[in-house]
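# Structure assessment
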Amino acid sequence: MKIVTVIAVVFLLFELGTRWLARLIIPLGDTISLFGNFYLTNVLNPNRVMAFGIGAIAWLLVAQVVAMFFFIGYVFAGRHIYELTDIKMYWLGLVAASLLNAVVLSNLFEASVLGGVTDYFAIIDLKSKTAHIINLGDIALGFSLIALLVSTVGMPIALMIKSPHV
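No experiment lies behind these values; they were computed from the predicted model shown. (Residues numbered from 1 in each chain as written. Predicted model: local features only at pLDDT ≥ 70, side-chain atom pairs only at ≥ 80, totals over all residues. Heavy atoms only, no water.)

### A look at the environment of Phe71
In this fold, Phe71 is placed in helix α2 (residues 56-80). Ignoring anything within four residues of it in the chain, the contact list for Phe71 reads Met1, Leu94, Ala97, Ser98 and Asn101. (Helix = DSSP H or I, 4+ residues; strand = E, 2+ residues; numbered from the N terminus. Contact = heavy atoms within 4.5 Å.)

So, in structure tokens, the structure goes:
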């Protein structure tokens with residue numbers, strides 16, 4: 001369990017550090033070509049009113065509650081169903097829930113302090129004049145959600161295979 005916490009904290013600090021570095025090195029709105037259509041950039045996505053007239057920080061607080069729900073669920077299950085701690089699907093879900101919390105915390109921190117979230121990876125298509133700008137947290141969020149889905153489906157199956165009497 002401690003290693004999962006260490007992974008989440010290291011990711012949180014790395015992501016916030018990377019965002020800080022992007023803001024420090026790259027002037028706001030500028031891009032640095034890496035290769036092909038890939039660029040480094042510094043873009044601040046401002047807090048704004050989103051769905052149902054609710055602001056970004058309120059939505060991030062809702063996301064934090066949902067992320068904590070998953071994390072607490074995995075911790076609770078691991079403490080009360082002994083067989084789970086030997087199943088890789090359980091650990092996949094626990095790490096994914098931890099990373100999900102780290103991503104939401106980093107976004108919540110930045111949105112509260114800076115008034116928006118810094119994105120620093122850009123994929124720019126000059127022909128169609130489109131750009132997709134993200135940060136490492138967005139990538140981790142996508143992988144975490146997929147891992148949570150796989151774990152949620154795979155964990156009971158693995159538990160039934162391991163302990164048919166459960």
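Once you've had a look at it, read on.
### Quick word on the pairing of strand β4 (residues 130-134)
Of the pairings in the sheet, the one linking strand β3 (residues 116-125) to β4 comprises five bridges and is antiparallel in character. Bridge assignment links Ala122 to a residue of β4, and that residue is Ile133. Remark: four residues form the turn of the hairpin made by β3 and β4, two consecutive strands paired antiparallel; Lys129 in that turn has positive phi of roughly 55 degrees. (Pairing = 2+ DSSP bridges.)

### Examining the packing of aromatic side chains
Here the structure, examined in full by the defined rule, presents five aromatic pairs. Between Tyr74 and Tyr90, the ring centres sit 6.1 Å apart and the planes meet at 45 degrees, which makes this aromatic pair tilted. On the criterion of sequence distance, the pair formed by Tyr74 in helix α2 and Tyr90 in helix α3 (residues 88-114) is long-range, its members being 16 residues apart. You can call Tyr74 buried: its relative accessible area is 5%. Residue Tyr90 is classed as buried on the basis of its relative accessible area of 3%. Members of the aromatic cluster, joined through ring pairs, are Tyr74, Tyr90 and Trp91. (Phe/Tyr/Trp six-rings, centres within 6.5 Å; stacked < 30°, edge-to-face > 60°. Buried < 20%, exposed > 50% of the residue type's maximum accessible area, 1.4 Å probe, protein only.)

### Focus on the sheet that holds β3
If you trace the four strands from one edge of the open sheet to the other, you get β1-β2-β3-β4, paired in antiparallel fashion. Each edge of the open sheet is held by one strand with a lone partner, namely β1 (31-35) and β4. Taken pair by pair, the neighbouring strands of this sheet meet at an average axis angle of 40 degrees, ignoring direction. Judged from the four bridges that link them, β1 and strand β2 (residues 38-46) form a sheet pairing that is antiparallel. For Phe35, the partnering residue across the bridge sits in β2 and is Phe38. Those strands touched by helix α1 (residues 2-25) are β2 and β3, and its axis lies near 70 degrees from that of β3. This element, helix α4 (residues 136-162), spans β3 and β4 of the sheet and lies at about 85 degrees to β3. (Axes fitted to C-alpha atoms, helices over the stretch in contact; angles between N-to-C directions.)

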